[in-house]
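# Inside the fold
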Amino acid sequence: MSSSSSKKQTLFISTLIISWYSSNIGVLLLNKFLLSNYGFKFPIFLTMCHMSACAILSYISIVFLKLVPLQSLKSRSQFLKVSTLSIVFCASVVGGNISLRYLPVSFNQAVGATTPFFTALFAYLMTLKREAWVTYGALVPVVAGVVIASGGEPGFHWFGFIMCISATAARAFKSVLQGILLSSEGEKLNSMNLMLYMSPIAVVALLPVTLVMEPDVISVTLTLAKQHQYMWILLLVNSVMAYSANLLNFLVTKHTSALTLQVLGNAKGAVAVVISILIFQNPVTVMGIGGYSITVLGVVAYGETKRRFR
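Per chain, the residues get numbers from 1 upward, laid out in the order the sequence is written. A pLDDT threshold of at least 70 governs which residues receive local features in this predicted model, and a stricter bar of 80 or more applies before side-chain atom pairs are shown or counted, although totals over entire chains, interfaces and linings include all residues. For side-chain calculations, the full set of non-hydrogen atoms in the structure is used, while hydrogens and water are omitted.

### A word on the environment of Glu 131
Rule in force here: Helix and strand definitions follow DSSP, with helices as H or I runs of at least four residues and strands as E runs of at least two, each counted in order from the N terminus. Throughout, a contact is declared for two residues whenever any of their heavy atoms are within 4.5 Å.
Locating Glu 131 in the fold gives a position in the loop between α5 (115-127) and α6 (133-137). Excluding anything up to four places from it in sequence, Glu 131 contacts Tyr 136, Tyr 302 and Lys 306.

See below:
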């Protein structure tokens, strides 16, 4: 009986991981397809679609399906903290989506792999939390790899690169800020409840920005929808995928260890790179692949030294 239940558990976790990979990589590739290949040049509106889906589906998942218990915001101070996190989160997603207009997915992922560097930097600057010197040493190849990959990237674009590095820094800043702002036991929210409160705030924040920065979004989207009959379906699938990536990330975190999650996260970037190169046929160089490989090895070494020298 125990053998049967362990097989079921293994199958369940394997299905979770495959679904998590599919939704994460799927949303990334669809973003690239819409923003670069489809003529849908509205990264802020696209982010607003994602956040709208996250707001609606989070509400359904928590209030009706009761996937996790509903945690309520207890004070105005907690609401302001969640709002701050939401704005930073928004900035990171918008920056990432803008960068996809100008950069290949493979290079976007290489730059995104430097998140641990920014996390360590912000953790030190904001909390004076120090790691062992050997842990900081492991971050050298993380940064060096991206420098090498940048030099060997045929599709390098300065604005896209700045947006991508800003998005990566904002993502790291959000994780450190979340640890500081929601550190007390009474204010801690699990990632599902945090998404439930962050996403409507993000929609409200993004709406005026969309209207100012992308004023012709509605007319162009309607024109594209007439030319491409699957336009609305693509937008809908893309937005639902953005939510499912967050949901599955929560479930994988819940059902596996932190180390497993770290290993899977590192491998996910590499899988996304390979699939994107096969689909979009963007040229890659030995220097680019070498740089990305050095970054990934640096990230693995950083995770390992952080665990050992805790």
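### Concerning the packing of helix α3 (residues 76-102) against helix α8 (residues 158-181)
What counts, and what does not: All axes are obtained by fitting lines to C-alpha atoms, using only the stretch in contact for helices, and the reported angles, taken between N-to-C directions, cover 0 to 180 degrees. What sets the label is the angle itself: under 35 degrees gives roughly parallel, over 145 gives roughly antiparallel, 65 to 115 gives roughly perpendicular, and the rest give oblique. Here is the rule for handedness: rotate from the far helix to the near one, and if that takes an anticlockwise turn smaller than a right angle the crossing is left-handed, while a clockwise turn gives right-handed. Residues are grouped as follows: nonpolar covers Ala, Val, Leu, Ile, Met, Phe, Trp, Tyr, Cys and Pro; charged covers Asp, Glu, Lys and Arg; every other residue, Gly included, is treated as polar.
Running from N to C, α3 and α8 point in directions that differ by 160°, and their axes come no closer than 8 Å. Viewed along their axes, α3 and α8 adopt a mutual orientation that is roughly antiparallel. The element α3 and its partner α8 pack so that their crossing is left-handed. On α8, the residues that touch Lys 81, Thr 84, Leu 85, Val 88, Phe 89, Ser 92, Gly 95, Gly 96, Ile 98, Ser 99 and Tyr 102 of α3 are Phe 159, Gly 160, Met 163, Cys 164, Ala 167, Ala 170, Arg 171, Phe 173, Lys 174, Leu 177, Gln 178 and Leu 181. Residues belonging to the contact of α3 with α8 are distributed by class as follows: 13 nonpolar, seven polar and three charged.

### Comments concerning the packing of helix α9 (residues 191-213) against helix α11 (residues 231-255)
One can describe the packing of α9 onto α11 by two numbers: an axis separation of 9 Å at closest approach and a directional angle of 155°. Comparing the axis directions of α9 and α11 gives the class roughly antiparallel. Contact residues: α9 offers Ser 191, Met 192 and Met 195, while α11 offers Tyr 243, Asn 246, Leu 247 and Phe 250.

### Some points on the environment of Thr 260
By secondary structure assignment, the location of Thr 260 is in helix α12 (residues 258-280). Remark: the alpha-carbon pair of Thr 260 and Phe 122, spanning 138 residues in sequence, is separated by 24 Å.

### Focus on the pattern of salt bridges
How we decide: Put simply, a salt bridge is a Lys or Arg side-chain nitrogen that is within 4 Å of an Asp or Glu carboxyl oxygen. Classification of residues uses two cut-offs on accessible area relative to the type maximum, computed with a 1.4 Å probe and protein chains only: under 20% is buried, over 50% is exposed, and between them is partly exposed.
Inspection of every chain in the model, using the stated rule, returns six salt bridges. The shortest N-O distance in the salt bridge between Lys 81 and Glu 187 comes to 2.7 Å. Of this pair, Lys 81 sits in helix α3 while Glu 187 sits in the loop between α8 and α9, and the two are 106 residues apart along the sequence. You can call Lys 81 partly exposed: its relative accessible area is 22%. Of the residues examined, Glu 187 reaches a relative accessible area of 13% and is grouped as buried. For Lys 188, the salt bridge is made with Glu 185, and the minimal N-O distance between the two is 3.2 Å. On the basis of relative accessible area, Glu 185 is assigned to the exposed category, the value being 65%.

### Let's talk about the side chain of Thr 135
Inspection of the secondary structure assignment puts Thr 135 in helix α6. Judged by its relative accessible area of 1%, Thr 135 falls in the buried class. Those residues in contact with Thr 135 that lie beyond four places of it in its chain are Tyr 302, Thr 305, Lys 306 and Phe 309.

### Remarks on the confidence of the model for the protein chain
Note the cut-off: Here pLDDT means the predictor's own confidence in every residue, given as a number from 0 to 100.
Scored by pLDDT, the protein chain comes out at a mean of 91, with 98% of its residues at no less than 70. Predicted confidence in the protein chain is weakest over α12, with a mean pLDDT of 85, and strongest over helix α2 (residues 43-64), with 96.

### Some words on the packing of aromatic side chains
Where we set the bar: Here is the rule: rings of Phe, Tyr and Trp (six-membered ring for Trp) pair when centre to centre is within 6.5 Å. Planes less than 30 degrees apart are stacked, more than 60 are edge-to-face, and the remainder are tilted. Only when the NZ atom of a Lys or the CZ atom of an Arg is both within 6 Å of the ring centre and within 35 degrees of the ring normal do we say a charge sits over the ring.
Evaluation of the coordinates by the stated rule reveals 14 aromatic pairs. With a centroid separation of 6.2 Å and 55° between ring planes, the pair formed by Phe 40 and Phe 45 is classed as tilted. Under the relative-accessibility criterion, Phe 40 is labelled buried at 0%. Three or more aromatic residues link up through ring pairs in this structure, and these residues are Phe 107, Phe 156, Trp 158 and Phe 161. One residue, Lys 268, lies across the ring of Trp 20, its end atom 5.5 Å from the ring centre.

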